[in-house]
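Structure at a glance
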Amino acid sequence: MKKTSKNKPTWTDLKRQLADLDRPALLGLIQDLYTACKNNQAFLHTRFDLGGNVLEPYKKIIDRWVCPDVTCDQNSSIAKAKKAISDYQKAVGKPEGIAELTVFYCECCTSLLGYCSVDDESYYDAFERMFERALKTIVTLGLSEQNAFFERLENVRRNSHNWGWGIGDALDDLMAEYGVIKA
């Protein structure tokens, strides 16, 4: 194997090493990566559209971190929930999958806020940004795909008027901006 003279290896260095591997060695490497980490498994299942619902592992992560079980003293983590969407995007990044995950994220926020008060402005800010990201993604889809997503976001928007931090007005403005509802 060739040694790199740099302190921190780069993709170019790795690619040079990979080019020297034959097919069985490359498959062995992928198998080792697959067994090393559930995230790698989810990535590969998603990339190659294996198994049932490839979005399910990402949804579980989003649900866990956006709508934690407060009775078990779980915390929320917007960063971890957003990372699930980012990981899906890296694996395959189909717009309809991103739309599903971003709308699901908003629905999880709705679920938490429906039974638990959240006094964290950053939670609401992240919710609003994800709602807008969902809208941006949905408008890139075909018209026949858009309606179901817009209906789900409309339910989120309607429920958002029950909470604080002005989230209901913000979601109204976004829906109007994207032409989904009249201002």
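**Things to note about the pattern of salt bridges**
- Scanning all chains against the criterion turns up 8 salt bridges.
- The partner of R157 in a salt bridge is E154, and the shortest N-O contact between them spans 2.5 Å. A residue pair is termed a helical-turn pair when its members lie 3 or 4 positions apart in one helix, as R157 and E154 do in helix 8 (residues 143-159) at 3 residues. The burial state of R157 is the same as that of E154; both residues are buried.
- A salt bridge links D172 to R157; the nearest nitrogen and oxygen atoms lie 2.6 Å apart. Here R157 lies in helix 8 and D172 lies in helix 9 (residues 167-177), a separation of 15 residues in the sequence. With respect to class, D172 is no different from R157; both count as buried.

**Focus: a negative patch on the surface**
- On the surface, D119, D120, E121, D125, E128, D169, D173 and E177 cluster together to form a negatively charged patch.
- For the negative patch, the elements supplying multiple residues, two or more each, are helix 7 (121-138) and helix 9.

**Focus on the state of the cysteines**
- In this structure the tally under the stated criterion is 0 disulfides.
- Sulfur of C108: no disulfide; nearest cysteine sulfur belongs to C67 and is 6.0 Å away.
- For C108, a relative accessible area of 3% gives the class buried.
- Here C109 stays unpaired: no disulfide links it, and the sulfur of C106, its closest cysteine neighbor, is 6.1 Å away.
- The exposure class assigned to C109 is buried, which follows from its relative accessible area of 0%.

**Describing the nonpolar core**
- In this structure, I62, V66, Y105, Y123, F127, F131 and L153 are the most contacted members of the largest nonpolar core, which totals 45 residues.
- Elements with a minimum of two residues in this core: helix 4 (56-66), helix 5 (78-91), helix 6 (95-115), helix 7, helix 8 and helix 9.
- Counting residues per element, this core draws most heavily on helix 6, which supplies 11 residues.
- The contacts of F127, once residues within four sequence positions are left out, are Y105, C106, C109, T110, L113, V156, W163, I167 and L171.

**So, helix 4**
- All buried positions along helix 4 are accounted for by Y58, K59, I62, W65 and V66. The buried residues of helix 4 occupy an angular sector of 145° when projected down its axis, which confines them to one face.

**Some details on the packing of helix 4 against helix 5**
- The geometry of helix 4 relative to helix 5 is characterised by a closest axis approach of 7 Å and an angle of 165° between their N-to-C directions. Between helix 4 and helix 5, the crossing angle belongs to the class labelled roughly antiparallel. Seen along the crossing, helix 4 lies across helix 5 with a hand that is left-handed. Contact residues: Y58, I61, I62, W65 and V66 in helix 4; K80, A81, A84, I85, D87, Y88 and A91 in helix 5.

Calculation rules
- Residues numbered from 1 in each chain as written.
- Predicted model: local features only at pLDDT ≥ 70, side-chain atom pairs only at ≥ 80, totals over all residues.
- Heavy atoms only, no water.
- Salt bridge = Lys/Arg side-chain N within 4 Å of Asp/Glu carboxyl O.
- Helix = DSSP H or I, 4+ residues; strand = E, 2+ residues; numbered from the N terminus.
- Buried < 20%, exposed > 50% of the residue type's maximum accessible area, 1.4 Å probe, protein only.
- Patch = residues over 30% accessible without salt bridge, like charges linked within 9 Å, V, L, I, M, F, W, Y side chains within 5 Å.
- Areas by Shrake-Rupley, 256 points an atom, 1.4 Å probe, with all protein chains shown as cover.
- Lys, Arg positive; Asp, Glu negative; His and termini not counted.
- Charge placed at Lys NZ, Arg CZ, Asp CG, Glu CD.
- Disulfide = S-S within 2.5 Å.
- Core = buried A, V, L, I, M, F, W, Y, C linked by side-chain atoms within 4.5 Å.
- Contact = heavy atoms within 4.5 Å.
- Arc of directions from axis to C-beta.
- Axes fitted to C-alpha atoms, helices over the stretch in contact; angles between N-to-C directions.
- Parallel < 35°, antiparallel > 145°, perpendicular 65-115°, else oblique.
- Left-handed = near helix turned anticlockwise from the far one by under 90°.

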